[in-house]
Amino acid sequence: MLNRMEMIRIFCSAADCSNFREAATRLGVSPQAVTRAIKALEEELGEILFHRNTRQVHITAFGEAYAVRARQMLEDFDALFRGHRAEAESAIAGRIGITAPQAIGKRFLVAFLQPLLKQHPQLVLNLRLEDEITDAVEAQIDIGIRVGFLRDSRYVARAMAPVPLQVVATPELIAASGAPRDLDELQQRPLSVLIDRKNGRPWPWTFAHGPSLHPPTPALVCDDPEAELEAVLAGLAYGQLPAYLAQPYLQSGHLQAVLTEQAPDPWQLFIYRPQQGPVPPRVRLVFDHLRACFSDPAQFPQG
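All values reported here derive from a predicted model rather than from experimental measurement.

Spatially, E4-E3-E5-E14-E6 is the arrangement adopted by the five strands of the open sheet, whose pairing is mixed. In the strand order of this sheet, the two ends are held by strand E4 (123-129) and strand E6 (156-163), each with one partner. Between one strand axis and the next, the sheet turns by 20° as a mean value, whatever way the strands run. Where strand E5 (residues 143-147) meets strand E14 (residues 267-273), four bridges bridge the pair, whose relative direction is antiparallel.

With that out of the way, let us pick up the UniProt feature "domain: HTH lysR-type" (unreviewed entry) in the protein chain. Those places that UniProt annotates as "domain: HTH lysR-type" (unreviewed entry) correspond, in this numbering, to residues 5-60. End C-alpha atoms of residues 5-60 are separated by 21 Å, and the span's content is 62% helix alongside 11% strand.

This part is about helix H9 (residues 243-252). Residues Ala 243, Tyr 244, Leu 245, Ala 246, Gln 247 and Leu 250 constitute the buried set of H9. A positive phi of about 90° marks Gly 253, the residue just after H9.

This brings us to the layout of surface pockets. Estimates place the volume of the largest pocket at around 1,200 Å³. Of all the secondary structure elements, the ones that give two or more residues to the lining of the largest pocket are E5, strand E8 (192-194), strand E9 (205-206), helix H8 (225-233) and strand E12 (239-242). Of the residues contributing to the lining of the largest pocket, the split by class is 20 nonpolar, four polar and ten charged.

This next bit is on the sheet that holds E12. Spatially, E12-E7-E13 is the arrangement adopted by the three strands of the open sheet, whose pairing is antiparallel. The sheet is open, and its two borders are formed by E12 and strand E13 (256-258), each paired with just one other strand. Put simply, the sheet's adjacent strands are angled 55° from each other on average, direction ignored. By the bridge criterion, four bridges tie strand E7 (residues 165-169) to E12 in an arrangement that is antiparallel. Bridging across to E12, Val 167 finds its partner in Gln 240. Packing against the sheet, H8 makes contact with E7 and E12, and its axis sits at approximately 125° to E12.

Calculation rules
- Residues numbered from 1 in each chain as written.
- Predicted model: local features only at pLDDT ≥ 70, side-chain atom pairs only at ≥ 80, totals over all residues.
- Heavy atoms only, no water.
- Pairing = 2+ DSSP bridges.
- Helix = DSSP H or I, 4+ residues; strand = E, 2+ residues; numbered from the N terminus.
- Axes fitted to C-alpha atoms, helices over the stretch in contact; angles between N-to-C directions.
- UniProt positions renumbered as here; feature names shortened; annotations may be inferred.
- Buried < 20%, exposed > 50% of the residue type's maximum accessible area, 1.4 Å probe, protein only.
- 1 Å grid on protein atoms, 1.4 Å probe; cavity = no way out; pocket = protein on both sides within 12 Å on 5 of 7 lines; lining within 4 Å.
- Points joined across faces, edges and corners; volume = space filled by probe spheres on them.
- Nonpolar A, V, L, I, M, F, W, Y, C, P; charged D, E, K, R; others polar.
- Contact = heavy atoms within 4.5 Å.

Right, dumping it as structure tokens:
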């Protein structure tokens, strides 16, 4: 059964056309659907809206007067939505919850967001920098950034950039015992281990074609990627670091990469929205801006 608003829309279209078939074509429905809607509206009102026979349709005097009121009502109704959308598009304001790994958040996210905050000072950012997956509902997350995989099929996710892993050390540490030529020699060097904060287990070092390495006697154990980077830069250990942390120091010569031919396949950096459905303009703006920034190798090192 048609609701009253649908009946009014069909009636107004029929009132503007010379016959029900033309109205049906304009609306993308069948002529029978128009006939049923007009009949239902006439029964609802208790008045005849159209005089009709097998060949002609003429609107009644009551129908003409009712059409004037109906068109105004539809215009007012549609204006409710146009007005809200126009207001939302013209004023980018309100809260946006964003989650990202700590290193990415501190080194890239805040800098990438600065131009938007200057352009739209009414944006209110709520940043959750956590290396573990943040509870999107509890933390009211609108946009998330993660390295690796997203297992929740409800998320709207887009890949932005590859994240290569590189075994690196200072030139001085490499010179002290020579660059390792294989994994066996690598294990004889001082190595760092990064702990997974979620379960307390060490992350393995991974390499091409499947082999992984668990340093048996690591020189450094920590649970923070940036602290691991600082230790590697200090010459305390070799580390297997993501390119977005290591690349600036490789370019400056403070670090050197080894065993590059055994590097594993890159991970992926994703941006995602936990909620499907309508996207507020402020969320769409920030989502698209961050996606462009992180996808740009000039702004986010990709190896």
